[in-house]
Amino acid sequence: MNTIDFLNFSGKKALIRVDFNVPLDDHFNITDDNRMVGAVPTIEKILKDGGSVILMSHLGRPKDGPDDKYSLRHIVKHLAILLNRDVHFAPDCIGEDAIAKSKALKSGEVLLLENLRFYKEEEKGDEAFAKKLAQLGDVYVNDAFGTAHRAHASTAIIAKFFPDAKYFGYLMAGELANAEKILNHAERPFTAIMGGAKVSDKILLIEKLLEKVDNLIIGGGMAYTFAKAQGGQIGTSLCEDDKMALALELMEKAKQKKVNLILPVDTIIADAFSPDAKTAVVKTGTIPSDWMGLDIGPETAKLFSEVIKNSKTILWNGPMGVFEMDKFEVGTKAVAVAVVEATKNGAFSLIGGGDSAAAVSKFGFEDQVSYVSTGGGALLEYMEGKELPGVKAIYHSGSGPE
Ligand SMILES: Nc1ncnc2c1ncn2[C@@H]1O[C@H](COP(=O)(O)OP(=O)(O)OP(=O)(O)O)[C@@H](O)[C@H]1O
Ligand SMILES: O=C(O)[C@H](O)COP(=O)(O)O
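Note that the coordinates shown come from a computational prediction; the quantities given were computed from them, not determined experimentally.

As a further point, take the overall build of the protein chain. Helix and strand counts for the protein chain stand at 14 helices and 17 strands. Over its C-alpha atoms the protein chain spans a radius of gyration of 23 Å, differing by no more than 12% from the 21 Å that the globule rule assigns to 402 residues. Taken over 402 residues, the protein chain has a buried fraction of 49%. Sequence separation of at least 24 residues holds for 73% of the intrachain contacts in the protein chain that already meet a minimum separation of 6.

Per the UniProt record, "binding site: (2R)-3-phosphoglycerate" (unreviewed entry) is annotated on R35, R117 and R150. Of note, R35 is situated in helix 1 (residues 34-49). With 25 C-beta atoms packed within 10 Å, R35 lands in the buried category. Excluding anything up to four places from it in sequence, R35 contacts D19, F20, N21, V22, G146 and T374. Along the chain, R117 falls in the loop between strand 4 (110-113) and helix 4 (120-124). R117 gets classed as buried once you count the C-beta atoms within 10 Å, which come to 24. In this structure, R117 is in contact with H58, R61, P62, E122 and E123, ignoring residues within four places of it in sequence.

With that settled, consider the UniProt feature "binding site: ATP" (unreviewed entry) in the protein chain. When the UniProt feature table is mapped onto this chain, "binding site: ATP" (unreviewed entry) is found at K202, G293, E324, G353, G354, D355 and S356. In three dimensions, the annotated residues from a span of 155 residues occupy distinct locations, with a maximal C-alpha spread of 23.7 Å. Apart from the residues lying within four places of it in its own chain, the contact partners of K202 are M194 and M222. Looking at the element boundaries, G354 is found in the loop between strand 16 (348-351) and helix 12 (355-362).

How big an interface is tends to be expressed through the accessible area that disappears when the partners come together. Each assigned domain of the protein chain is listed with its residue range as follows: domain 1 (4-173) and domain 2 (186-383). A separation of 34 Å is found between the C-alpha centroids of domain 1 and domain 2. With eleven residues of domain 1 at the interface, the matching set in domain 2 holds eleven residues. Per-element tally for the side of domain 1 that touches domain 2: the top contributor is helix 1, with three residues.

Around ligand 2, a shell composed of D19, N21, R61, G146, T147, R150, G376 and G377 is seen. A breakdown of the residues in the shell around ligand 2 according to their chemical character gives no nonpolar, five polar and three charged.

So, about the sheet that holds strand 17 (residues 371-372). Pairing in this open sheet of six strands is parallel, and the strands run 10-8-7-15-16-17 from one edge to the other. The strands lining the two open edges of the sheet, one partner per strand, are strand 10 (260-262) and strand 17. For strand 16 and strand 17, the ladder comprises two bridges, and the chain directions are parallel. Counterpart to I351 in the pairing with strand 17 is V372.

With that settled, the discussion passes to the sheet that holds strand 11 (residues 266-270). Overall, antiparallel pairing links the three strands, which are arranged 12-11-14 in an open sheet. A single partner strand is all that each edge strand has here, and the edge strands are strand 12 (279-283) and strand 14 (292-296). Averaged over all pairs of adjacent strands, the angle between strand axes in this sheet comes to 40°, irrespective of strand direction. In the sheet, strand 11 pairs with strand 14 via four bridges, with the strands oriented antiparallel. By the bridge assignment, A270 is partnered in strand 14 with M292. Its contacts with the sheet place helix 10 (residues 298-309) against strand 11, strand 12 and strand 14, and it is angled at close to 140° to strand 11.

What follows covers helix 9 (residues 244-256). Over its 13 residues, helix 9 extends 19 Å from the first C-alpha to the last, a length consistent with the 18 Å expected when each residue adds 1.5 Å. Residues of helix 9 that are buried: A247, L250 and A254. The arc that holds every buried residue of helix 9, seen down its axis, measures 60°, which confines them to one face. Every exposed residue of helix 9 that faces more than 90 degrees away from the buried side is listed here: A245, E252, K255 and Q256. Summarising the contacts, the buried residues of helix 9 are in contact with helix 7 (203-209), strand 8 (215-218), helix 8 (223-229) and strand 10.

This next bit is on the site of ligand 1. Contacts to ligand 1 come from 21 residues, most closely from G196, A197, G221, G354 and S356. Elements with a minimum of two residues in the shell around ligand 1: strand 14 and helix 12.

Omega for the peptide link from R188 to P189 comes to 0°, which places this bond in the cis form. Topologically, P189 is positioned in the loop between helix 6 (170-184) and strand 7 (190-194). Phi at F28 is positive, roughly 65°, even though this residue is not glycine. Note that F28 resides in the loop between strand 1 (13-17) and helix 1. A count of 14 C-beta atoms within 10 Å places F28 in the partly exposed class. Positive phi outside glycine occurs at K258, with the angle close to 60°. Topologically, K258 is positioned in the loop between helix 9 and strand 10. Judged by local crowding, K258 falls into the exposed class, with 7 C-beta atoms found within 10 Å.

Once that is clear, we can look at the nonpolar core. Residues L55, L133 and V339 are the most contacted members of the largest nonpolar core, which totals 125 residues. Counting residues per element, this core draws most heavily on helix 11 (residues 330-344), which supplies seven residues. Looking at this core, you find at least three residues from each of domain 1 (4-173) and domain 2 (186-383). Those residues in contact with V339 that lie beyond four places of it in its chain are I308, I314, W316, S349 and V369.

What counts, and where the lines are drawn
- Each chain carries its own residue numbering, running from 1 in the written order of its sequence.
- To label them, take the chains in the order written and letter them from A, then take the ligands in the order written and number them from 1.
- Local features in this predicted model are restricted to residues whose pLDDT is 70 or higher, and side-chain atom pairs enter the listing and the counts only when it is 80 or higher, whereas totals over whole chains, interfaces and linings include all residues.
- Helix and strand assignments come from DSSP, with helices taken as H or I runs of at least 4 residues and strands as E runs of at least 2, each series counted from the N terminus.
- Two things to know: the radius of gyration comes from C-alpha atoms, and the globule rule equals 2.2 Å times the number of residues to the power 0.38.
- Counting other C-beta atoms within 10 Å of a residue's C-beta gives its exposure: the residue is buried at 20 or more, exposed at 12 or fewer, and partly exposed in between, where C-beta atoms are placed from the backbone.
- By definition, residue pairs are in contact when their C-beta atoms, positioned from the backbone, come within 7 Å.
- UniProt positions are given in the numbering used here, feature names are shortened, and annotations may be inferred rather than shown by experiment.
- Start and end points for every domain follow an automatic or database-based domain assignment.
- Placing the C-beta atom from the backbone, one calls a residue near a molecule or strand if that atom lies within 6 Å of it.
- Throughout, the ten residues Ala, Val, Leu, Ile, Met, Phe, Trp, Tyr, Cys and Pro are labelled nonpolar, Asp, Glu, Lys and Arg are labelled charged, and all others, Gly among them, are labelled polar.
- Each pair of strands is called paired provided DSSP finds at least two bridges between the two strands.
- Throughout, an axis means a line fitted to C-alpha atoms (over the contacting stretch in the case of helices), and angles, computed between N-to-C directions, take values from 0 to 180 degrees.
- What a helix is expected to span follows from its residue count: subtract one and scale by 1.5 Å.
- Summarising the geometry, the arc corresponds to the directions from the helix axis toward the C-beta atoms.
- Buried Ala, Val, Leu, Ile, Met, Phe, Trp, Tyr and Cys residues form a nonpolar core when they are connected through C-beta atoms within 7 Å.

Structure follows, in structure tokens:
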């Protein structure tokens, strides 16, 4: 793999695509900086070599050009703290000012460009826009694993302009190596824990995992589709009616493949989607008509935990309940505790990005699992077996713009 270890960056200007699409609160405080922290080793290696760094990223999904709400200027201060040095900022990611600022960069200096998605050309994968970005550096580095599933100008198209000078950053290399370990070198028993809101987001992954795992645990909102498909009463819980047949098919497939598919046996129900809701515990499939299931129940937490603790490889993607509300975090926390315990006993545990990562960090366990991925959609797509455009662009050995 063509990582930045193959080059001494002394005197070079490295244009690095990072994924600094981090969650911000109403006061623009970063609520989870995992993605920024993940990019630091790449930046530091290049600066230590005597290079300079131009960072480019998107933030959120701005609809219509520049919008202060999505400005990357909000993260400059925190980046400077993480890198322990000043960070220059270019309020336009292309154009004269960005070119001048990039030219003026001295060895050891860092420039952050404004949100790439302020130009619609970024998401369109526009080649002329990619060329303008390419003018800013001598070497292109892709360390944006979280955005590697997008074929955008800065993640994929731009690589054409660096036929002999394009590299993977350390975060990208680490993410791919860990995903690979799970997919192709998993020690047994191998347990996948799937949760989150919807079955439809994870069908392909579940199908793929049925080829690989010993145990497949399903919790979270998606479990109610399985409960209803089996004839259970689920009240007003989340459900995708059009996926019920598929849920039964997946159960049948698991049986054929001799995969132990484990579904919740009880659930915590609430009379409203609210932190102050009245709650009760009921058996799966027995939810009264105007109540909803918002977490797995205590019997289920015990059942899942036993399986997890006896596993040697664990992949976890998606929370077991509405963990953002303290009343409905118990099931997700129990699973997190079991994953931590298994890891202490030598298991390899990989936590899928996004909400599972947020849950693990809410409980303060991020340093007690083997790896917390910075990828949400990107990790899912990679694990489903899809080729990621951001990865392909670095591997592809084209000789310049087509
Ligand atoms: N029983 C439930 N009812 C309603 N929402 C639920 C339930 N269980 C979990 N959720 C919600 O699902 C959301 C996460 O689902 P989502 O499908 O986005 O997971 P995910 O983002 O794919 O997971 P990851 O980010 O780890 O890949 C959380 O906000 C959580 O509150
Ligand atoms: O958060 C993510 O999954 C990535 O940063 C990609 O963002 P997107 O889904 O808006 O393309």
